[in-house]
Amino acid sequence: INSMTPEQKKALEEYKKNSAAAVDANKKIANLNATLAAVRADLKAAQPTAGDVSKDVSDMKAAVDAKPDESILWISYGNTLEAQGDHLAKADKDAHKPVSGDDDAMKNYNDAIDAYKKGADLNAASKKPVPGDQAAAWNGAGNAYAKQGKPSDAAAAFENAVKAEPANAGMFYGNEAAVLFNAGQTDAAAAAADKAIAADPNRPDPYFIKGQALIAKSTFDSKTNKIVPPAGCVEAYQKYLQLAPDGAHASAVQEVLAGLGEKVDTSYKAGRKK
């Protein structure tokens with residue numbers, strides 16, 4: 001070192017400084033990756049019982065503070081906030097209290113929406129956008145809006161998810177249809193179900209939602225004393241049974257079809273086990 005010129009010594013010091021910065025950056029990334037892995041495992045474990053994930057919320061808040069320009073961190077932060085909102089909401093439901101009156105639950109959902117949007121915006125503005133991540137962010141926002149009782153905002157978020165990742169449109173439109181139907185917006189739900197079916201005709205739930213939305217428009221024929229369902233209703237129910245013979249709604253659909261005097265293919269009951 002003593003034999004080095006001043007320029008060489010300066011270059012060496014600069015190299016050491018850059019190397020130290022690179023090591024620190026790599027350590028930070030490694031720590032963030034470890035945090036992500038731990039949080040995802042916690043969320044998966046907590047999901048069946050809507051368990052308390054407040055620690056994961058804190059961990060992801062520290063993660064976004066450490067690297068605020070990373071979209072996946074914001075999306076994961078949104079996941080933890082939404083999950084904690086679900087935990088608080090479950091306590092309300094168990095106590096037979098309205099979730100809408102729980103300020104803490106609503107705040108978690110609102111903060112989750114903000115985090116999801118931040119993640120989506122960062123992803124879209126990045127040099128190498130990841131459509132799947134951006135769509136996941138908007139889908140998460142749609143779910144959180146739905147839990148806040150805002151179906152129109154939820155529908156708009158699901159539409160953004162479709163724009164980000166058209167290949168998964170069937171799932172996003174299906175989510176939109178379910179939220180709108182649960183909100184009592186049957187016409188909009190049927191329209192969203194049709195879009196879900198067009199995007200992916202092998203998903204059963206949109207057919208069920210379409211059938212349920214249309215059955216409400218049935219009329220009564222006084223001459224035959226029969227209920228007359230609108231066009232497309234029976235076909236939607238039958239298609240649901242074809243795709244999900246052992247599905248959660250199979251028994252209910254069979255009862256509706258029987259009540260309408262429609263023949264139900266009993267082979268649907270057997271399922272398709274190999």
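The coordinates are above.
Remember, predicted model here, so these are calculated numbers, not experimental data.

(A) Structural context of the nonpolar core. Formed by 39 residues in total, the largest nonpolar core has its most connected members in M60, L73, Y77, L81, Y116 and W138. Of all the secondary structure elements, the ones that give two or more residues to this core are α1 (6-46), α2 (54-66), α3 (71-94), α4 (103-125), α5 (131-147), α6 (151-164) and α7 (169-182). The element that contributes the greatest number of residues to this core is α3, accounting for seven residues. Not counting the four nearest positions on each side in its chain, W138 is found in contact with K117, A120, A157, N160 and A161. With 15 residues, the next largest nonpolar core counts Y207, L214, C233 and L257 among its residues.

(B) Local environment of α6. Taking 1.5 Å of rise per residue, 14 residues should cover 20 Å, and α6 covers 20 Å from first to last C-alpha, within 8% of that figure. For α6, every residue scored as buried is listed here: P151, A154, A155, A157, F158, A161, V162 and A164. On its buried side, α6 packs onto α5 and α7.

(C) Spatial organisation of the side chain of T80. Within the secondary structure layout, T80 lies in helix α3. Contacts of T80, omitting those with residues within four sequence positions, involve V39, L43, V53, D56, V57 and M60.

(D) Spotlight on the packing of aromatic side chains. Applying the stated criterion across every chain, the model contains two aromatic pairs. Above the plane of the ring of W74 lies K118, whose end atom (NZ or CZ) is 5.9 Å from the centre.

(E) View of the pattern of salt bridges. Under the defined criterion, the tally for this structure stands at ten salt bridges. Close ionic contact of D111 with K107 constitutes a salt bridge, the shortest N to O distance being 2.6 Å. Of the two residues, D111 and K107 both sit in helix α4, four residues apart, roughly one turn of that helix. Classification of D111 as partly exposed rests on a relative accessible area of 24%. Close ionic contact of K195 with E159 constitutes a salt bridge, the shortest N to O distance being 2.9 Å. Of this pair, K195 sits in helix α8 (residues 186-199) while E159 sits in helix α6, and the two are 36 residues apart along the sequence. Residue classification places E159 among the partly exposed positions, given a relative accessible area of 21%. Among the charged side chains, a salt-bridge network with shared partners connects E82, D86 and K147.

What counts as what
Residues numbered from 1 in each chain as written. Predicted model: local features only at pLDDT ≥ 70, side-chain atom pairs only at ≥ 80, totals over all residues. Heavy atoms only, no water. Core = buried A, V, L, I, M, F, W, Y, C linked by side-chain atoms within 4.5 Å. Buried < 20%, exposed > 50% of the residue type's maximum accessible area, 1.4 Å probe, protein only. Helix = DSSP H or I, 4+ residues; strand = E, 2+ residues; numbered from the N terminus. Contact = heavy atoms within 4.5 Å. Expected span 1.5 Å × (residues − 1). Phe/Tyr/Trp six-rings, centres within 6.5 Å; stacked < 30°, edge-to-face > 60°. Lys NZ or Arg CZ within 6 Å of the ring centre and 35° of its normal. Salt bridge = Lys/Arg side-chain N within 4 Å of Asp/Glu carboxyl O.

Purely spatial values, then, with no claim about function.
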